[in-house]
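# Observations on chain architecture
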Number of protein chains: 2
Amino acid sequence: MSMIHTAEILCVGTELLLGDIVNTNAAFLSQQLAELGIAVYRHTVVGDNPARLEAALCAALRDADLVITSGGLGPTYDDLTKETVAAHFGRSMYMDEHSLSRIEAYFHRTGRVMTDNNRKQAMMPVGACVFDNDYGTAPALALCDETKNKTAIMLPGPPSELIPLFRDKVLPYLQERRETVIESRNVYLFGIGESALETRLGTLLQDAVNPSVAPYCKEGEVRLRVTARAADSQTALSMCDGMIDRLMGEVGEYIYGVDVGDLEHAVIDSLHRTGLTLACAESCTGGLIAKRLTDVPGGSDVFLGGCVTYTNEIKKRLLGVREDTLCRYSAVSEQTAREMAEGVRARLGADVGVATTGIAGPGGGTEQIPVGTVYVAISTKDGTEVRHLSLSPNRSRTYIRHVAASHAFDMILQYEKKQK
Amino acid sequence: MSMIHTAEILCVGTELLLGDIVNTNAAFLSQQLAELGIAVYRHTVVGDNPARLEAALCAALRDADLVITSGGLGPTYDDLTKETVAAHFGRSMYMDEHSLSRIEAYFHRTGRVMTDNNRKQAMMPVGACVFDNDYGTAPALALCDETKNKTAIMLPGPPSELIPLFRDKVLPYLQERRETVIESRNVYLFGIGESALETRLGTLLQDAVNPSVAPYCKEGEVRLRVTARAADSQTALSMCDGMIDRLMGEVGEYIYGVDVGDLEHAVIDSLHRTGLTLACAESCTGGLIAKRLTDVPGGSDVFLGGCVTYTNEIKKRLLGVREDTLCRYSAVSEQTAREMAEGVRARLGADVGVATTGIAGPGGGTEQIPVGTVYVAISTKDGTEVRHLSLSPNRSRTYIRHVAASHAFDMILQYEKKQK
């Protein structure tokens, strides 16, 4: 059996080119192929147009061993993926009675009327390996030219069909055709930018080949993806672990977790370990800290809740911030942040209280307190600490709020570290 | 000036080919180009690999008038989009002092250390039209070969930079190069599903050509995009308005706004009009209502704040929910939702109080109270009303929380309607 090393993903659908839907299939298939150790060289999206599909198919099968298509298997006149691929492989079409009876049964079961064009979905290229679709009407299929080592796998477009079909049927088909395994682990950093990180790591990023280390930046954070290729999964994972140890030695102070997903998961995990409870008081983040913490299921034993205190009056009423503090220092000040964190900790009876107050913009900034100014406070039995952020006033409101919340999470994690 | 009729979108980034991120940029750019009346023929994604980028660029500029790239403008060694496009257009690179001083100022302002590789971001191909980036360090740029009518526009990869750069800088650049004007208006509906809406509207959706009407569904909402093409903007907009009047006649009771963006903007706008103030008490939405309301800038005069009461103890302490109510009816009940809304309204001194309590999943459901059960309450001077939602337990936590918050917004809007 011929081996598959490289792949291209070819998505068919005018709705993708109009931007009506986001191409999540390409990301899903890429992840799956990466896990199989098959390198994806290109994604292409074309409309429901046979000439452009044929051109894209030619390019794909010239450059890669495998092309996976999504879309264009439906019953309508403009669904032409199967026919185009069959012509490219020089295969004629036949009526696959097994698929036809399954489609008939599907319509019978769902009580819908089967139209003539649904029969088209049971037409197959000669020699195709047909994968039954338990989630819709269009079967998936693979077509292989063994002499040229070229394979085409065709999947229906809706993710609700494509994902289970891939997992249940295509994965076993492909697993027989791989030589090596690729494993990845993700190292999460906060408090260092991408350029500064590269400077700190010197040539490590370029020099690392197997395992490789790739940086991804997102809203004030960096993730380093460590990827190793080996004959088996265990070897690949231990190669990853070796590199992670090296990264811990180089930039460990910024690393808040490995494979944790994000800061909010790291915070909830850490609180579960120490058993401390948390409450938050939010002005400029306006509920975002609580929202991100409650995105994580099962955190209600450690995250008690919090107060969104958007006005001065409510800061006084719910948190006990003093009138005098607000008058002398203003709502956006170290002193107010401090009293908010202490207030929410006391009033909710939590071990840890965090608070934010600042100017998220786009309006509301002054020369003294420009947009991007945020005070983030943490109050614990050991006292209260306040971090002053000066984020760029050109950053979006969304970015400023997100990064302010992330700093609150970072301060919790730093405190938790000291507890262990 | 040469006219642009066709485009290709070329996204650069190994993280896309690994499936680490979903290509939302391609969908965003496609939508924007569709609105401009520029046909998108293909999306291509390649990794950070100059040879493959050059091949994709050749194919794109062979088939289309315009290529828009995203990604590969960063400071690191593998960011090569600008250099590859410059070579393709036969242009040398120069140090753009204006961009350099902006990048220096950016680092100065944000208090970060500028490293040598950041200087690379200020290198520009000769003849480029540079678009200042107010949201990050990499400027965007356009390069045009007037004799061949080929244009390349290069944008940074992060959506937080790409989206505002496109809207503020690239859109005006492209608008000068179109022959007809396309205008769109968006009609927002809540409380009706896409199929039910199609049934109500009969053949209107298929029959409407200019203006056309396209439905987009998202997390319990439907948006109808009305698009008209005409010689000038005013004519196109008045064609849209005629269609909107027709839609108001057909399904007006579900329409909560035109061009309002989303429910949270509609709520803040509406509160500004009536002058009523709002407070919220959140259990299962855990801060999401407050977060969505404070995503809207300038709402602090009408949205006072709220309480995230994730535990029973905090529901009693912050909102005055009675022990007896929690024992007799449980935290997820009409009675608890009612007391939460009344409590937050009274304690924060707001005109309107809203509250949510429910099971967002994936765990925590029982036979009596399955995942997807949510009570949403509104308390006003006219009394308290509770809505009982039974969302499908197969829906994600994110979906259930989002839709629960949306119902709270809908209840506020329904109440506000009666005030006018």
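The structure presented is a predicted model; accordingly, all values stated were derived computationally and were not measured. (Residues numbered from 1 in each chain as written. Chains lettered and ligands numbered in written order. Predicted model: local features only at pLDDT ≥ 70, side-chain atom pairs only at ≥ 80, totals over all residues. Heavy atoms only, no water.)

Another point: the overall build of chain A. A count of helical and extended segments in chain A gives 15 helices and 17 strands. Taking 420 residues into account, the globule formula puts the C-alpha radius of gyration at 22 Å, and chain A, at 28 Å, lies well above it. For the C-alpha atoms alone, the extent of chain A along its principal axes is close to 85 × 50 × 40 Å. Burial statistics for chain A: of 420 residues in total, 57% are counted as buried. Considering only residue pairs separated by 6 or more positions, chain A has 68% of its internal contacts joining residues 24 or more positions apart. Surface summary for chain A: the accessible area is close to 16500 Å², and the carbon and sulfur share equals 51%. (Helix = DSSP H or I, 4+ residues; strand = E, 2+ residues; numbered from the N terminus. Rg over C-alpha atoms; globule rule 2.2 N^0.38 Å. Buried < 20%, exposed > 50% of the residue type's maximum accessible area, 1.4 Å probe, protein only. Contact = heavy atoms within 4.5 Å. Areas by Shrake-Rupley, 256 points an atom, 1.4 Å probe, with all protein chains shown as cover.)

Strand order in the open sheet formed by 12 strands is E6(A)-E7(A)-E8(A)-E3(A)-E1(A)-E2(A)-E2(B)-E1(B)-E3(B)-E8(B)-E7(B)-E6(B), and the pairing between neighbours is mixed. The open sheet is flanked by strand E6 (129–131) of chain A together with strand E6 (129–131) of chain B, the only strands paired with a single partner. On average, adjacent strands in this sheet sit at an angle of 15° to one another, irrespective of strand direction. Pairing between strand E1 (residues 6–12) of chain B and strand E3 (residues 66–70) of chain B: five bridges, direction parallel. Residue pairing across strands places B:Glu8 opposite B:Val67, the latter belonging to E3(B). Against the sheet, helix H6 (residues 159–175) of chain A engages strand E3 (66–70), E6, strand E7 (140–145) and strand E8 (150–155) of chain A, with an angle of about 155° to E8(A). (Pairing = 2+ DSSP bridges. Axes fitted to C-alpha atoms, helices over the stretch in contact; angles between N-to-C directions.)

A complete count under the given rule lists 44 salt bridges over all chains for this structure. Residue A:Arg42 is joined to A:Asp63 by a salt bridge in which the shortest nitrogen-to-oxygen separation is 3.1 Å. In this pair, A:Arg42 sits in strand E2 (residues 39–46) while A:Asp63 sits in helix H3 (residues 50–63), placing the two residues 21 residues apart along the sequence. By relative accessible area, A:Asp63 is classed as partly exposed at 34%. Put simply, B:Asp259 and B:Arg185 hold a salt bridge, and the shortest N to O gap is 2.8 Å. With a gap of 74 residues between them, B:Asp259 in the loop between strand E12 (255–258) and helix H10 (263–274) and B:Arg185 in strand E9 (residues 181–190) connect regions that are remote in the sequence. A relative accessible area of 22% places B:Arg185 in the partly exposed class. Several salt bridges converge on common partners, so that one network encompasses A:Glu8, A:Arg42, A:Arg62 and A:Asp63. (Salt bridge = Lys/Arg side-chain N within 4 Å of Asp/Glu carboxyl O.)

This is a description of form; function is not addressed.
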